Amino acid sequence: MVILLLLLFYDIVIVKLFCDNVIMRKEQYFDTNFSHFRDLLEDDKGIILSNSSVYRILDNAGIQSPRKHRRPRKIHARRERMPQAGMLVQIDCTSFEWIPSVGNMALHGAIDDATGQVLALYFTENECMNGYFELMRTIIGQYGIPISLYADKHTIFASPNKGKISIEEQLEGKVVNETQFQMAMSTLGISIINARSPQAKGRVERLWNTLQDRLRAELRIYGIDSMEKANEFLPKFLERYNKRFAIEPQDPEPAFRELPPDIDLDNILCVKLSRKVDNGGVFSLHSQYYQVVCDDGKTVAPIVPRAKITVLTSPRIGIRVQYGNNIYAVKKLDEPPKKAQKANKASSSSTAKPYKPSPTHPWKQGWQKAPSYWYEESDREILEALYNSSRAWH
């Protein structure tokens, strides 16, 4: 009798669980695939089921997965993973309608080659250098400095003139200027490897397909309706994602390097421009004039006139100036000092009376011309005078 009651109770539980799962799948999790639905049941509802049970329950209810896995038509040979975490990090960006009410947003991502762990994600309106700077800020802050980055040939990572220099020009010492992102990575000792095709960085390319299923669905489920809220949600999403998909590397010792404590990362992950200051420590940037000042915001920084400075700009730090090993703040000017001085000179010259020389001034005297003397003599008289001259015989 007890056994029959237990079996009856078990059947009731199974039927209720079946109905609850089907209802949740249709109403709340309708755009998730079966594997993602199982993970969400465990994380959000505390319901632990095997993949086969979820597949069987949903299949019996006539529900199909939104993504059917098909065998790829062309198979590319996969490159072996790096042995240590941090030896190679693949970075890329994709534009997608992650939040329907917001429209397309650019998601910048970085995945470790050795472990498949997604190290950082960041949303912006479009693919931009600031998005990649935020990726590197998160990676360095949480894990350390990686050895190298694997990226495409976007102009953020490589100059468009890179392949236009001939061998003769290279022998003459001509080089292509680095991009702003390359300069920042060189300062940190990170090398950039440019992939020749999307298949070469297949791990980060395949990541986008997975995120377009999972991340988009979770942004809707958890009521994320703006880009700012989406960036705040990403760390929580990455924690669950890496727990589900990351693997152990061949060598457990990571290759990430620690950032020295005396280095300010904000002064590296920024745009750097070269300028010259005038006698008052003033320079121009984007048609606006700034004065280099000390920390108090009033004292002019001790910079040699006409010296070259490096202007640092980013959304995080605003505008700073680097001169030698020192970092200075700036003060925005309403009017350039040189123009103000010219205006003062012009006003003073317009009010001054013109100078009038006195009548005895040399300018008033004119040229004093000496009288000219001349004689008319015949050639015979000249010859006789020379012949009779006593000095002609000495």
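Residues numbered from 1 in each chain as written. Predicted model: local features only at pLDDT ≥ 70, side-chain atom pairs only at ≥ 80, totals over all residues. Heavy atoms only, no water.

## A look at the confidence of the model for the protein chain
As a reminder, the rule being used: Every residue carries a pLDDT, the predictor's confidence in it, which falls somewhere between 0 and 100. Helix and strand definitions follow DSSP, with helices as H or I runs of at least four residues and strands as E runs of at least two, each counted in order from the N terminus.
For the protein chain, the average pLDDT comes to 80, and 64% of its residues sit at 70 or higher. Mean pLDDT across the secondary structure elements of the protein chain bottoms out at helix α1 (residues 2–27), with 48, and peaks at strand β3 (residues 118–124), with 97.

## Regarding the packing of helix α7 (residues 202–221) against helix α8 (residues 227–245)
Where we set the bar: Axes here refer to lines fitted to C-alpha atoms; in helices the fit is confined to the stretch in contact. Angles between the N-to-C directions go from 0 to 180 degrees. These descriptions rest on fixed angle ranges, namely under 35 degrees for roughly parallel, over 145 for roughly antiparallel, 65 to 115 for roughly perpendicular, and the rest for oblique. In this scheme the crossing of two helices becomes right-handed for a clockwise turn of the near helix relative to the far one and left-handed for an anticlockwise turn of less than a right angle. By definition, residues are in contact when any of their heavy atoms lie within 4.5 Å. Gly counts as polar in this scheme, as do all residues outside two lists: the nonpolar Ala, Val, Leu, Ile, Met, Phe, Trp, Tyr, Cys and Pro, and the charged Asp, Glu, Lys and Arg.
Across the interface, α7 lies against α8 with an axial gap of 11 Å and an inter-helix angle of 125°. Relative to α8, α7 is oriented oblique. In the crossing of α7 with α8, the sense of the turn from one axis to the other is right-handed. Contacts between α7 and α8 involve L207, T210, L211, R214, L215, E218 and L219 on the former and, on the latter, A230, F233, L234, F237, R240, Y241, R244 and F245. Class assignment for the residues of the contact of α7 with α8 results in 10 nonpolar, one polar and four charged.

## A few points about the sheet that holds β3
Our working rule: The criterion for strand pairing is that DSSP finds at least two bridges linking the strands in question.
Pairing is mixed in the open sheet, where five strands are placed in the order β3-β2-β1-β4-β5. Strands with a single pairing partner mark the edges of an open sheet, and in this sheet they are β3 and β5 (191–194). Shown here is a sheet whose adjacent strand axes are inclined to one another by a mean of 30°, direction ignored. In this structure, strand β2 (residues 103–112) lies alongside β3, joined through six bridges in antiparallel fashion. Residue H108 lies in a different strand from β3, and its bridge partner there is Y122.

## Some details on the packing of aromatic side chains
Filter applied, for reference: For Phe, Tyr and Trp, rings pair up if their centres lie within 6.5 Å, where Trp contributes its six-membered ring, and each pair is then called stacked (planes under 30 degrees apart), edge-to-face (over 60) or tilted (otherwise). Partly exposed describes any residue whose relative accessible area lies between the buried limit of under 20% and the exposed limit of over 50%, with all areas from a 1.4 Å probe on protein chains only and scaled to the type maximum.
Scanning the entire structure with this criterion turns up 12 aromatic pairs. For the pair W98 and F123, a centre-to-centre distance of 5.9 Å together with 70° between the ring planes defines the contact as edge-to-face. On the criterion of sequence distance, the pair formed by W98 in strand β1 (residues 89–99) and F123 in strand β3 is long-range, its members being 25 residues apart. The class of W98 is buried, set by a relative accessible area of 1%. On the basis of relative accessibility, which here comes to 1%, the residue F123 falls in the buried class.

## As for the side chain of T179
By the secondary structure assignment, T179 is in the loop between α5 (167–171) and α6 (180–188). Given a relative accessible area of 11%, T179 falls into the buried group.

## What to know about the pattern of salt bridges
Applicable threshold: Should a side-chain nitrogen of Lys or Arg be within 4 Å of a carboxyl oxygen of Asp or Glu, the pair is scored as a salt bridge.
Inspection of every chain in the model, using the stated rule, returns eight salt bridges. Its salt-bridge partner being R137, residue E134 comes within 3.6 Å of it at the nearest N-O pair. Of the two residues, E134 and R137 are both situated in helix α4 (residues 129–142); the distance of three residues between them amounts to about one turn of the helix. Residue R320 is joined to D264 by a salt bridge in which the shortest nitrogen-to-oxygen separation is 3.6 Å. In this pair, R320 is assigned in strand β10 (residues 318–323) and D264 in the loop between α8 and β6 (271–276), connecting sequence segments 56 residues apart. A relative accessible area of 23% means that R320 is categorised as partly exposed. A single salt-bridge network, built from bridges that share partners, covers E134, R137, D266 and R316.

## Notes on the side chain of H108
Inclusion rule: Two N or O atoms count as a polar contact when they lie within 3.5 Å, although within protein this holds only if one can serve as hydrogen donor and the other as acceptor, and sequence-adjacent residues are included solely when both atoms are side-chain atoms.
Considering the arrangement of structural elements, one finds H108 in strand β2. The class of H108 is buried, set by a relative accessible area of 0%. A polar contact is formed between the side chain of H108 and the backbone nitrogen of C128, at a distance of 3.3 Å.

## Observations concerning unusual backbone geometry
Of note, the phi angle at H286 is positive, near 55°, even though the residue is not glycine. The residue H286 is located in the loop between β7 (282–285) and β8 (288–293) in this model. Even without glycine at this site, S287 takes up a positive phi of about 65°. Counting through the fold element by element, S287 comes out in the loop between β7 and β8.

## As for the sheet that holds β6
Sheet architecture is open: six strands sit in the order β6-β9-β10-β11-β8-β7, paired in antiparallel fashion. A strand with exactly one partner marks an edge of an open sheet, and here the two such strands are β6 and β7. Adjacent strand axes in the sheet meet at a mean angle of 40°, parallel and antiparallel pairs treated alike. Alignment of β8 against strand β11 (residues 326–333), held across five bridges, turns out to be antiparallel. Bridge pairing links V293 to A329 in β11.

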